[in-house]
Amino acid sequence: MVPLEHILIFSAAMFCIGLYGVMARRNAVLVLMSIELMLNAVAINLVAFAGRLDPQRFAGIIFAIFVITVAAAELGLGLAIVLRVYRMRTTVDVDEIDLMRW
Amino acid sequence: MDLGQFLFYAAAAATLIASLGVVLTRHVVYSALLLVLALSLTGLIYLLLLADFLALVQILIYGGTVSVLLVFALMLTRPQERPVLTHRGWPLAALGAVVLFAILLYQSLATPWLTSVSDARAAIGATPGVAATATPLGRSPGGVPVARLGEPFRAGPSDIGTALFSTWAVPFEIASLVLLVALMGALVVARAAGEPAAEPRPPAP
Amino acid sequence: MDYAWLIPALCAGAFFFNIIVSRQTGRLKHGLSAAVSIAAILAGFALFIVVFAGATEQLGEASASTESAQHLLFDRVPWFQVGSYPFFGTMVLDWVSIMMLGVVTFLSALIQIYSIGYMHGDNRFWWFFAVMSLFAAAMCTLVLSYNFLLLYMAWELVGLCSYLLIGFWYHERDNAEAAKKAFVTTRVGDVGFFIGIAILFVQTGTFQMDEIFRRVQLGSLSPGIVTAAGILIFLGAMGKSGQFPLHVWLPDAMAGPTPVSALLHSATMVAAGVYLIARAYPLFAASPITLGVVATIGTITLIFAATIALTQRDIKKILAYSTVSQLGYMVMALGVGAYTAGLFHLFTHAFFKALLFLGAGSVIHSLEPVLHGTGKSPNDIFWMGGLRKRMPVTFWTFLIAALSLAGIFPFAGFWSKDAILGGALGAGAWLPFIIGLITAFLTAFYMFRAIFLAFFGEPRWPAALGQAAAAGHAVPELVAPGVLATAATEPAAAGAMDVQTREPGEDVPAHVPAGPQSRPEQTAAEEHHAHQTLPHESPWVMALPLVLICVLAIGAGWVGIPGLFNPFAEAIHFGSPAEEAINPVAAGLGLLAGLLGIGLAAIMYWKPLLSPAAVANSLPGAYRWLYNKYYFDEAYQWLIDHVVLAISALMATFDRKVVNDGMVDHTGQAPVGLGARLRYLETGRVYTYAFAFVIGIVVAGAILAGIFPSITANFW
């Protein structure tokens, strides 16, 4: 039995790696990918808790299903927006998409 | 350590390395492929955590559709020259991520998780003879009887299906609504500006 | 007893009625306003008699050992409530207030009747009567009130009426300035007054006089507080009664119409200060220091003003300084403890001084057409002379009043002045006694100087002088020969009397309401008068009040004859009534001083055995100082210019720089500036926003993780 803490540390690490990716990457698609990483880390967390603390009701697993669902939806929509922006500005560099600034 | 534990640690390590690759590499396609790898390994981890159905769902969705979607997106938005993929300010971002990790680490280790019967009894100070229930994760009512804490339980597809349509029916419907909205939104947004849906063509002379 | 409040109420009603009636145009409003006003004050006087009769029954002639509190009747009407403090309109009827009420209503009635003649033809006639009614209302309220706050309100209202009336002919700059000066100077006193009231309120929690006096007599207030409050309240009395050094406004107040001078600035309003001291006497008597201050100021005032009066040429100014001096007598009397004497002098002085002013007004009124166009003031006694034959009623009443003022037996002034002198001697205050005696001499002198110059001898107005020279009569040596030749402006050559004045030979500036602005209906009459350039007796509306008041100027003293018939002293006293006989020393010396003064004036001005010019020339410096009123006005002006205005400039700079620029403008600029700097946060880049999120998450995580236990302790 892997101790619960180790799973939590692992998912925390994955979350933080994804966070770094969101902040540091310039390509919009890569940012979206990093968001996927973060969401999956959360899902792992939920599943771990479900397995250890609440196995009879497995609410965490249900939650994780929903997380995956919403993540997929959000990814689709996000990519649609990126494509649209690409058509207009021929770039997906987040640093160059800064019209709403001072 | 037994096989299960070893597999878990190996998969976890591989996932983390793949994730690092996703955020650090300079080739976008490598990022995409490494992401697929990471998420697939996550599916394996779900399996090790006794969530079979979820592992299937994960591999289907992420390994199947999401990866394809991402590759397409990368293909369609390919810049002309070799771009710089990381901000100038990436050390700060790294610092932020590390700090957050440290906090989460500390929190995971410091919290007394009620993962065994003895822990639960100690936490609630149960007196013998009284049917003690522990409320896992804090505050929800109707706790699991203490006697059954720590017993592994594999949630199969039928269990999950039943739960989805009974206890979690409302969130299920809402999730389907979300998907519908996302679908339509993506259609509208991605359509080229000014492109007519179906314009009647003038009759050819 | 319950009707006493009607007296001020009726007069106030007349005031409001007059204001409303003024909407009418035409001559009707003048007559109507006068009629209503006089009706109100006569009704007031009638009510006074009713109240007096009632008081005689109820208060009784109870003499003796009872405390003065037993002589009070008062009525307490709840008026309003501020927080937890209920404010009462409290009215008191003791003999002091009844006496004052009588004086005020009687003199107001007669002087308003007199004003019908004096103010005839003025196009703001109605306003005059309106304000006179308001004044009567305010003054009656003042003497009736037994609550410091109510008294202060009436006090201020009286001051307002004074301002309005002094500046009645405000088109002349000097009149408006005089009104302003009066108000501001009394204001200085009023500030002290109010601080005194406030101190008492803070210490006792009430404005009610009975409560305050009870505590003072019980000794529950510290002596320092009692002294301080007393001195501050006395400051108010100093302002209102023209004591040194706040006396400067009274002579300038003569710029108002003469009935105003007669009523306000001789008999009633200026007496309010003395009344205040008498009313608050329990407070004063409890502190010897305060009484000492009062006596000192009174003594200084009485001789100071008398010396200035010696050299004045304007008859109203002479009377004004005389008033200041007599008020000094009253204040001094109260200061040495001669309570009854001081109030008795207030009583008699009201009558004979009002009479003197009304007589002077009569003279001025008749001289205006004579001196019209010559640039000479009808107030100036040097241009009078021989009026005895032409204005007999005026002459005889004026003479009787002057004899009363000089303290000659058996007129009213004799009894009251000797009561004061006797009181000072009896209290062991020998310095005030001697100064009072000397001033009695001076008083008689300057008063009869005025009488001899105005009523006796040969006429000296320019037309008459011309005739006298033509007829070969000897021109009196009062005026320099150069004056005869020119009739227009004043010559630069000094008259024999005015050797070294500030501006040699300058005449008294005319405060005449000359010109069309105030008297449009006069032009036809003026032309008619121009043919009769001789002064004549006043019309009966003016002469009758003179006679009526004269009766009292003679007889008012006879209610205070000690040892024989002294209901005044039995009624009005502080503590136990002083049973005193005439102090023969004081009486004799006083009478002697008066007679000597008259005699000296006679030999200088009637039968000139001693030339005034010689006297003046022998003491040129002193003469100049006296003529210029000890340069007091110049000193105050310097003070204002250099001190007050400097402070004002400082305050103005503070207001501009700190409040306006700093607080208002900069406060407005601050958001604009802040916004201009903060907008750079909006970079439009995802990275920045994401980083901001992360910072927030990190902080929130840290708090939730318990890294900052103090904060989490507040949360859960």
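Everything numeric here is computed off the predicted structure, so don't read it as measured data. (Residues numbered from 1 in each chain as written. Chains lettered and ligands numbered in written order. Predicted model: local features only at pLDDT ≥ 70, side-chain atom pairs only at ≥ 80, totals over all residues.)

(A) View of the overall build of chain A. In terms of regular secondary structure, chain A is built from three helices and zero strands. Along its sequence from the N terminus, chain A presents helices and strands in the succession α-α-α. Here chain A, with 102 residues, has 62% of them falling under the buried criterion. Within chain A, contacts between residues separated by at least 24 positions form 49% of all contacts whose residues are at least 6 apart in sequence. (Helix = DSSP H or I, 4+ residues; strand = E, 2+ residues; numbered from the N terminus. Buried ≥ 20, exposed ≤ 12 C-beta atoms within 10 Å, placed from the backbone. Contact = placed C-beta atoms within 7 Å.)

(B) Here's a closer look at the overall build of chain B. Along chain B, the regular secondary structure elements total seven helices and two strands. Taken from N to C terminus, the helices and strands of chain B fall in the order α-α-α-α-α-β-β-α-α. Here chain B holds 205 residues, and the buried ones make up 24% of them. Contacts spanning at least 24 positions in sequence make up 46% of the contacts within chain B whose residues lie at least 6 apart.

(C) The environment of A:Ile7, seen in detail. All names here are of chain A. Summarising the element assignment, Ile 7 is placed in helix α1 (residues 4–24). On a C-alpha basis, the gap between Ile 7 and Val 47 in space is 9.9 Å, while along the polypeptide they are 40 residues apart. With near-sequence residues (within four places) excluded, Ile 7 lies in contact with Val 2 and Ala 48.

(D) Focus on the nonpolar core. Residue and element names in this part refer to chain C. Core analysis: the biggest nonpolar cluster contains 219 residues, and Val 274, Ile 277, Ala 354, Leu 355 and Ala 553 have the highest contact counts within it. If one sorts the elements of this core by residue count, helix α15 (residues 339–371) sits on top with 20 residues. Ignoring anything within four residues of it in the chain, the contact list for Val 274 reads Ala 237, Ser 241, Leu 327, Met 330, Val 331, Leu 334, Gly 342 and Leu 346. (Core = buried A, V, L, I, M, F, W, Y, C linked by C-beta atoms within 7 Å.)

(E) Inspection of the interface of chain B and chain A at higher detail. Opposite the 74 residues of chain B that make contact, chain A presents 62 residues. Counting only elements with at least two residues in the side of chain B that touches chain A, the list comes to α1 (3–24), α2 (28–48), α3 (52–76), α4 (90–110), α6 (157–165) and α7 (169–190) of chain B. The dominant element in the side of chain B that touches chain A, judged by the number of residues it contributes, is α4(B), at 11 residues.

(F) Highlighting the packing of helix α1 (residues 6–21) of chain C against helix α4 (residues 125–144) of chain C. Residues and elements named next belong to chain C. The contact between α1 and α4 brings their axes to 8 Å, and the two run at 155°. One element, α1, and the other, α4, form an angle in the roughly antiparallel class. Judged by the twist between their axes, the crossing of α1 over α4 is left-handed. Counted together, Ile 7, Pro 8, Cys 11, Ala 12, Ala 14, Phe 15, Asn 18 and Ile 19 of α1 and Trp 126, Phe 129, Ala 130, Ser 133, Leu 134, Ala 136, Ala 137, Cys 140 and Thr 141 of α4 form the full contact between these two elements. Of the residues that constitute the contact of α1 with α4, the class distribution is 14 nonpolar, three polar and no charged. (Axes fitted to C-alpha atoms, helices over the stretch in contact; angles between N-to-C directions. Parallel < 35°, antiparallel > 145°, perpendicular 65-115°, else oblique. Left-handed = near helix turned anticlockwise from the far one by under 90°. Nonpolar A, V, L, I, M, F, W, Y, C, P; charged D, E, K, R; others polar.)

(G) How the structure looks around the environment of C:Lys317. Residues and elements named next belong to chain C. The topology assignment puts Lys 317 in helix α14 (residues 315–336). Given 22 C-beta atoms within a 10 Å radius, Lys 317 is considered buried. For the pair formed by Lys 317 and Ala 255, sequence separation is 62 residues and the distance between their alpha carbons is 9.7 Å. Beyond its immediate sequence surroundings of up to four residues, Lys 317 is in contact with Pro 251, Met 254 and Gln 312.

(H) Structural context of the packing of helix α3 (residues 95–118) of chain C against α4(C). Residues and elements named next belong to chain C. Two numbers describe how α3 lies on α4: the axes approach to 9 Å, and their chain directions differ by 175°. As judged from the angle between their axes, α3 and α4 are roughly antiparallel. Contacts between α3 and α4 involve Ser 97, Met 100, Leu 101, Val 104, Ser 108, Gln 112 and Ser 115 from the former and Phe 128, Phe 129, Met 132, Ala 136, Met 139, Cys 140, Val 143 and Leu 144 from the latter. Of the residues assigned to the contact of α3 with α4, the class counts are 11 nonpolar, four polar and no charged.

(I) Representation of unusual backbone geometry. All names here are of chain C. Cis rather than trans, the peptide bond between Phe 244 and Pro 245 has omega equal to -5°. Here Pro 245 is to be found in the loop between α8 (223–240) and α9 (249–252). Along the chain, Phe 409 connects to Pro 410 via a cis peptide bond; the corresponding omega equals 0°. Among the structural elements, Pro 410 can be located in the loop between α17 (392–405) and α18 (412–426).

(J) A look at α3(C). Given a rise of 1.5 Å per residue, 24 residues ought to cover 34 Å, and the 33 Å separating the end C-alpha atoms of α3(C) matches this to within 8%. The element α3(C) is largely enclosed, with a buried count of 21 among its 24 residues. (Expected span 1.5 Å × (residues − 1).)

(K) Looking closely at the confidence of the model for chain B. Residue and element names in this part refer to chain B. Here chain B averages 79 in pLDDT, and 70% of its residues register 70 or above. Within the model, pLDDT remains below 50 along residues 136–141, and this stretch shows nine contacts once partners closer than five positions in the same chain are excluded. Taken together, the chains of this predicted complex give a pTM of 0.66 and an interface ipTM of 0.90. (pLDDT = per-residue confidence, 0-100.)

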